[in-house]
Amino acid sequence: MAEETALRERLTSGTAILIYVALVKLAIHLATNGGYGYHRDELYYIACGDHPAWGYVDHPPLTPFLARLITATLGSSLAGLRLIPALAGALTVFVAGKTAKVLGGKLFAQALTALAVLVSGTYLFYGTLLTTNVFDQLLWAVALYLFVSILRNDNRRLWIWFGVVVGIGLLNKHTMAFLGGSLFAGLILTDERRRLTSCWPWYAAGIAAVIFLPNVIWEITHGWPTIEFLEKAELNRMPALSPGLFFLGQLFGLHPLLLPVWIMGLWCALFSKGNRKMRPIGWAFALLYVYLVLSRAKAYYLIPFYPPLLALGAIEVEQFFKSRKLAWAPAAALVLLIVGGALTAPISLPVLSPERLIEYRRAIDPTMKNLQPGESEMPPPFQDMFGWEEMVQQVADVYNALPQEARAVAAVSGNNYGQSAAIDFFGPRYGLPKAISTHNNYWYWGPREYTGEILITIGVRPQALQSAFESVELAAMITHDYVVWYETNQPVFVWRNMKIPLDAAWPRMKLFY
């Protein structure tokens, strides 16, 4: 009898509940991650993984390394490629729930926090894809869990693991520096600055720096290409989000139903006497929020910071229900969140057919009436998951229509990394050679052995290269209803007889943005 009771307690413990929620998250992705097609970034990380390095123009090396490892062991199918991201997303849910436990949350608060992360749109979408973002979300969640544990329990040795996680995070995405910098500022601005008199935070900084050092060395030896990329991206970036639009990005990047939870959590971190030790979290979030708005950053950059705020808010909800003796309220709140998450999930997960998804978006998205002429009705998160193989097929038709002797010297060039990576991935099954491109890291891989005698380009306008070649012919026009605007109505040109050797012109053709 005692053994049955102990087993029942283990199966209904907080940790067990968090495992169940994490397994639901994993199951959702395993059931849906074969939907639609490869994302442009997934194809690019596979291409980068085929060129191992300690750095790349537009990202650090961790995700390309994982892409190479995954394709070598699990293959390059959508299901195989997206298994590790699904596991990372499930772990993020578990860690978020554990954060609530460290903060003193009981069973309901832990479950609410985990479920909040599960239903959040940004977490659902990036849990589907092999990109830097899903690992960024996990690493931020772990780093914040460790930081909260240090503040709450004064376990100074956890600084070592904090440094390890931040270092790995920097090898995955440089935005991890936002988290480290904001938490440091949060310490400085609160009574918790006393912790900086200990050697342990500085050990953490040193460990993170050592782990990150190979990428720094790569940047130095290559002339800091990422800084050049960021400067040019700033010039070519879309108009800045207004503070209102940035807030809407937070509202819908998580879930509208979660607004009172994380607002309450932020208030607790900044003002609650019982959570005085959490002041650095509140200040760090507030400072980072303002910085990202002023720096014209994308709204989703802030999303990985929310687990501790959701946890603090969930604890407040838990205490409110308990103090009012609302025994029915916890179950009702969880059911409401599940239903709300199910209603918004089709905008974040590839579960509907493209036609049904567009109909669904028309029904729930009031911004549809503001679409510009020619702008796709496909929700923006999914636009980069369509059209790649169809594009490659059309380019292959152009390539295979050339005489055999022309094909032997013909190069295929994408106008951006997405087009080029699609050629590299799908091209072999259609008889195409590896692509060349001057965009981002493709520029480093050079023109291969091609001289410019014959060049097939995608999306290049005639005036861009007309003076460099003796002749040009429009061979095809690529269109697709679901893709982002700059990937449809794209011309495919065949250029002949470059006036100077391609390898001589290459250094002046660099495009970082």
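Per chain, residue numbering runs from 1 following the sequence as it is written. In view of the model being predicted, local features appear only for residues whose pLDDT reaches at least 70, and side-chain atom pairs are presented and counted only at 80 or more, with totals across whole chains, interfaces and linings using the full set of residues. Computation of side-chain values: all heavy atoms of the structure, hydrogens and water removed.

A. Main features of the overall build of the protein. By definition, any uninterrupted DSSP run of H or I lasting at least four residues is a helix, any uninterrupted run of E lasting at least two residues is a strand, and each is numbered from the N terminus. When you go through the protein residue by residue, the secondary structure sums to 25 helices and four strands. Overall, the protein is about 80 × 50 × 50 Å in size when its C-alpha atoms are taken along their principal axes. Partly exposed describes any residue whose relative accessible area lies between the buried limit of under 20% and the exposed limit of over 50%, with all areas from a 1.4 Å probe on protein chains only and scaled to the type maximum. Counting every position in the protein, which comprises 513 residues, the buried fraction comes to 54%. Contact definition: two residues touch when any of their heavy atoms are within 4.5 Å. Within the protein, residue pairs in contact and separated by at least 24 positions form 74% of the contacts whose partners lie at least 6 positions apart. Only the protein chains shown count as cover for residues, with accessible areas throughout obtained via the Shrake-Rupley method and a probe of 1.4 Å. Total accessible area on the protein stands at roughly 22900 Å², and carbon and sulfur atoms take up 64% of it.

B. Broad picture of helix H15 (residues 259-271). Multiplying 1.5 Å by the helix residue count minus one yields the expected span of that helix. With 13 residues, H15 should reach 18 Å at 1.5 Å per residue; the first-to-last C-alpha distance of 18 Å fits that figure. In this structure, the buried side of H15 is in contact with helix H14 (243-253), helix H16 (279-294) and helix H17 (306-323).

C. Spotlight on the pattern of salt bridges. What makes a salt bridge here is a side-chain nitrogen of Lys or Arg within 4 Å of a carboxyl oxygen of Asp or Glu, nothing more. By the definition in use, this model includes 14 salt bridges. Notably, a salt bridge pairs glutamate 228 with lysine 232, separated by 2.9 Å at the nearest N-O pair. One end of the pair is glutamate 228 and the other is lysine 232, both in helix H13 (residues 225-236) and four residues apart, which spans about a single turn. Here arginine 496 and glutamate 473 are joined by a salt bridge, their closest N and O atoms 3.3 Å apart. Separated by 23 residues along the polypeptide, arginine 496 in strand E4 (residues 490-498) and glutamate 473 in strand E3 (residues 469-478) bring together distant segments of the chain. Residue arginine 496 is classed as partly exposed on the basis of its relative accessible area, which comes to 26%. Each of the salt bridges in this network shares a partner with another, and the network as a whole consists of Asp154, Glu192, Arg194 and Arg195.

D. Spotlight on the side chain of threonine 488. As for its placement among the helices and strands, threonine 488 is situated in the loop between E3 and E4. The contacts of threonine 488, once residues within four sequence positions are left out, are Ile478, Thr479, His480 and Val483.

E. A nonpolar patch on the surface, seen in detail. On the surface, a cluster of nonpolar side chains totalling about 570 Å² of accessible area is made up of Phe184, Ile188, Leu189, Trp202, Trp283 and Leu287. Breaking the nonpolar patch down by element, the ones donating at least two residues are helix H11 (176-188) and H16. Relative to the assigned elements, tryptophan 202 resides in helix H12 (residues 200-221). Of the residues examined, tryptophan 202 reaches a relative accessible area of 46% and is grouped as partly exposed. Patch definition: residues above 30% relative accessible area lacking any salt bridge, with like charges linked at up to 9 Å and the nonpolar side chains Val, Leu, Ile, Met, Phe, Trp and Tyr linked at up to 5 Å.

F. The sheet that holds strand E1 (residues 410-414), seen in detail. Pairing in this open sheet of four strands is mixed, and the strands run E1-E2-E4-E3 from one edge to the other. Only two strands of the sheet have a single neighbouring strand rather than two, namely E1 and E3. Averaged over all pairs of adjacent strands, the angle between strand axes in this sheet comes to 20°, irrespective of strand direction. For helices, the fitted axis covers only the stretch in contact; all axes are lines through C-alpha atoms, and the angles between them, taken along N-to-C directions, range from 0 to 180 degrees. Here helix H20 (residues 388-400) sits on the sheet in contact with E1, strand E2 (454-458), E3 and E4, set at roughly 135° to E3. Of the strands in this sheet, E1, E2 and E4 touch helix H22 (residues 417-426), which is tilted by about 135° from E1. Two strands pair if DSSP finds at least two bridges between them.

G. H14, seen in detail. Listing the buried residues of H14 in full gives Phe246, Gln250, Leu251 and Gly253. On its buried face, H14 sits against helix H8 (121-126), H15, H16 and H17.

H. A look at the packing of helix H6 (residues 83-102) against helix H7 (residues 107-119). Two numbers describe how H6 lies on H7: the axes approach to 8 Å, and their chain directions differ by 150°. Along this stretch, H6 crosses H7, giving a crossing that reads as right-handed. Side by side, H6 and H7 meet where Thr92, Val93, Ala96, Gly97, Ala100 and Lys101 of the first sit next to Ala109, Gln110, Thr113, Ala114, Val117 and Leu118 of the second. In a left-handed crossing the near helix is turned counterclockwise from the far helix by less than a right angle, and in a right-handed crossing that turn is clockwise.

I. A look at the packing of aromatic side chains. The rule is short: rings of Phe, Tyr and Trp, with Trp giving its six-membered ring, pair when the centres are within 6.5 Å, and they are stacked under 30 degrees, edge-to-face over 60, tilted in between. Here the structure, examined in full by the defined rule, presents 38 aromatic pairs. Geometrically, the ring pair formed by phenylalanine 386 and tyrosine 482 is edge-to-face, given 5.3 Å between the ring centres and 70° between the ring planes. You can see phenylalanine 386 sitting in the loop between helix H19 (354-364) and H20 and its partner tyrosine 482 sitting in the loop between E3 and E4, a full 96 residues away along the chain. Judged by its relative accessible area of 11%, phenylalanine 386 is buried. For tyrosine 482, a relative accessible area of 17% gives the class buried. Arranged with centres 5.9 Å apart and planes meeting at 85°, the rings of tryptophan 443 and phenylalanine 512 form a pair that is edge-to-face.

J. Seen up close, the side chain of lysine 98. Assignment of secondary structure puts lysine 98 in helix H6. With residues near it in sequence (within four places) discarded, lysine 98 still touches Thr15, Leu18 and Tyr145.

K. Molecular detail of the nonpolar core. One finds Phe162, Leu183, Ile281, Phe285, Leu302, Phe305 and Tyr306 to be the most contacted residues of the largest nonpolar core, which totals 78 residues. Apart from the residues within four sequence positions on either side, phenylalanine 285 is in contact with Trp262, Leu266, Leu302, Phe305, Tyr306 and Leu309. Side-chain atoms within 4.5 Å link the members of a nonpolar core, which is a set of buried Ala, Val, Leu, Ile, Met, Phe, Trp, Tyr and Cys residues. Among the nonpolar cores identified, the runner-up in size contains 58 residues, and Ala47, Tyr417, Ala422 and Val483 belong to it.

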